[in-house]
Amino acid sequence: MKIAKILMSLALVFIGALVATETGNVVAGVVSMPLASYVVTATTGVSLFDSHGMAVATLAAIPRTAQQVANPGGGRRLFLIPTDQFTAEWPKRADIVDGESAVAPTLATGAPAPTFIEVQVSDNSLKIDQSLKGPTGYQSWEQSLDVKIAGFGKAQVAAIDKLLNTECVAVVVLTDGKRVVVGSSFLGIQFEIAHTSGAKGSDRREWTLKAKQDGYMFGYVPLADTVTLAGVSAN
Amino acid sequence: MKKVIVLNQSTGLTFGIGGRDVSVSETMNVADAEFIKAQYPGVYVDVIDEPEAATGEGKVKGSKSA
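Residues numbered from 1 in each chain as written. Chains lettered and ligands numbered in written order. Predicted model: local features only at pLDDT ≥ 70, side-chain atom pairs only at ≥ 80, totals over all residues. Heavy atoms only, no water.

### Some details on unusual backbone geometry
Residues and elements named next belong to chain A. Selection rule: In this description a helix means any DSSP run of H or I spanning at least four residues, a strand means any run of E spanning at least two, and both kinds are numbered starting from the N terminus.
Each neighbour pair has its own omega, and for Trp 90 with Pro 91 the value is -15 degrees, a cis peptide bond. Mapped onto the elements, Pro 91 comes out in the loop between β1 (75-82) and β2 (96-97). The residue Asn 124 is not glycine, and still its phi comes out positive at about 50 degrees. Structurally, Asn 124 is set in the loop between β4 (117-119) and β5 (127-133).

### Quick look at the sheet that holds β4(A)
Residue and element names in this part refer to chain A. Stated formally: Here, strands pair whenever DSSP counts at least two bridges between them.
Across the sheet, five strands lie side by side as β4-β1-β7-β8-β11; this open sheet has antiparallel pairing. Sheet topology places β4 and β11 (221-222) at the edges, where each strand pairs with a single neighbour. Sheet topology places β1 next to strand β7 (residues 168-174); seven bridges connect them, and they run antiparallel. Along β7, the bridge assignment pairs Phe 79 with Val 171.

### Regarding the interface of chain A and chain B
As a reminder, the rule being used: Contacts are assigned to residue pairs with any non-hydrogen atoms lying within 4.5 Å of each other. When two parts are brought into contact, each loses some accessible area as probed by a 1.4 Å sphere; the total of that loss over both is the buried area. One speaks of a salt bridge when a side-chain nitrogen belonging to Lys or Arg is within 4 Å of a carboxyl oxygen belonging to Asp or Glu. Polar contact is defined as a pair of N or O atoms within 3.5 Å, subject to the rule that within protein one atom must be able to donate a hydrogen and the other to accept it, and that residues adjacent in sequence are counted only when both atoms are side-chain atoms. Polar here means any residue other than Ala, Val, Leu, Ile, Met, Phe, Trp, Tyr, Cys and Pro, which are nonpolar, and Asp, Glu, Lys and Arg, which are charged; Gly is therefore polar.
If you look at the interface, chain A gives 21 residues, while chain B gives 17 residues. Both faces combined, the contact of chain A with chain B buries some 1400 Å², and carbon together with sulfur accounts for 55% of it. Contact with chain B buries surface across chain A, with Ala113(A), Thr228(A) and Ala234(A) losing the most and accounting together for 33% of the total. Across the contact surface, chain A and chain B share zero salt bridges. Here chain A is connected to chain B by nine residue pairs in polar contact (both at pLDDT 80 or more). A breakdown of the residues in the side of chain A that touches chain B according to their chemical character gives 13 nonpolar, eight polar and no charged.

This is the structure we're talking about:
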């Protein structure tokens with residue numbers, strides 16, 4: 001069939017050239033080609049130009065926060081789990097339906113059982129960001145997380161040391177109570193960590209944890225209320 | 001009678017289920033254990049049907065009839 005179409009196309013060009021030459025009118029030659037194509041299609045039922053339908057992108061309305069409903073910023077609680085405790089990608093784009101994932105992670109079996117650990121947030125310092133970057137055709141999501149932890153002690157030093165070269169997936173409980181997943185087991189977030197003692201008594205002695213990663217197929221993902229996670233308490 | 005079996009040293013792990021904090025143990029609510037098992041089969045808990053004959057009450061009844 002492809003060969004027939006190629007031959008028909010060549011014939012059309014030949015007909016166009018012939019008409020242009022015989023009539024001395026280039027426009028007549030150009031017009032004769034689609035006319036000939038139409039006649040062939042009408043008489044034989046064979047069309048040179050298959051219709052595949054057009055892939056049309058659709059958009060959805062973007063509502064703002066409803067009236068009489070609060071829209072608080074920030075996060076209340078932060079939970080982390082290393083990516084190597086997953087045995088399948090989580091979250092993944094295919095699981096995000098109507099803007100949230102209702103799929104629980106697939107975790108490794110074996111003792112001790114995988115669990116999220118809590119990072120205790122100080123003074124409204126937990127913030128997550130996402131941005132859609134790149135020109136059309138090259139776009140992907142960047143996700144980032146910032147948090148501060150007050151103090152300095154051996155328990156903190158030991159816990160922070162465990163984040164060394166460890167990619168994580170984070171679950172953040174936002175101030176409105178919604179849980180969102182930051183990062184993914186496929187591409188975990190990596191922390192840069194700083195600590196300052198401050199210079200005088202009123203300065204803040206604190207840890208600062210920052211994580212930023214790009215190349216995601218999605219922004220941070222809201223979790224459906226039906227998903228329960230080990231180590232992530234309800235309150 | 002259903003019995004909760006704790007797997008992989010999960011005792012004490014907390015799950016938030018329906019606005020409640022649920023701690024994993026052999027005495028936890030069976031419905032909660034089944035909920036966790038459904039999402040994480042083989043990871044935290046298992047729920048088994050224990051034959052009545054294996055319970056203490058069954059054994060006592062058996063010894064009486066003998």
